[in-house]
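So the chains spell out like this:
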Amino acid sequence: MSNRRMICPKCGAEMNQHATKIDYDVDDPALIDPVFGGAIKEVHTCPKCGRTELRAAE
Ligand SMILES: [Zn+2]
């Protein structure tokens, strides 16, 4: 799990990662994890404005 913070593109606050999910709707085979069969994404939410962003996990 990454400790890098994501900055909210809407209000600039530091977002909190609160989940990791598998995205099976990915077209790029380079992003697909062969173990999980999908792309691993980090789910980040903004504590200020509530925006949710997905980012590819590292
Ligand atoms: Zn925000």
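The structure this text deals with has already been given above.
Residues numbered from 1 in each chain as written. Predicted model: local features only at pLDDT ≥ 70, side-chain atom pairs only at ≥ 80, totals over all residues.

**Structural notes on the environment of T20**
Link 1 in the chain: Within the secondary structure, T20 sits in strand β2 (residues 14-23).
Link 2 in the chain: A tally of 12 C-beta atoms within 10 Å means that T20 is categorised as exposed.
Link 3 in the chain: Along the sequence, T20 and C49 sit 29 residues apart, while their C-alpha atoms lie 20 Å from each other.
Link 4 in the chain: Residues in contact with T20, not counting those within four places in the same chain, are I40, K41, E42, V43 and A57. (Helix = DSSP H or I, 4+ residues; strand = E, 2+ residues; numbered from the N terminus. Buried ≥ 20, exposed ≤ 12 C-beta atoms within 10 Å, placed from the backbone. Contact = placed C-beta atoms within 7 Å.)

**Details of the sheet that holds strand β4 (residues 52-56)**
Link 1 in the chain: Pairing is antiparallel in the open sheet, where 4 strands are placed in the order β1-β2-β3-β4. Sheet topology places β1 (6-7) and β4 at the edges, where each strand pairs with a single neighbour.
Link 2 in the chain: One ladder, built from 5 bridges, connects strand β3 (residues 39-45) with β4; its direction is antiparallel. Bridging across to β4, H44 finds its partner in E53. (Pairing = 2+ DSSP bridges.)

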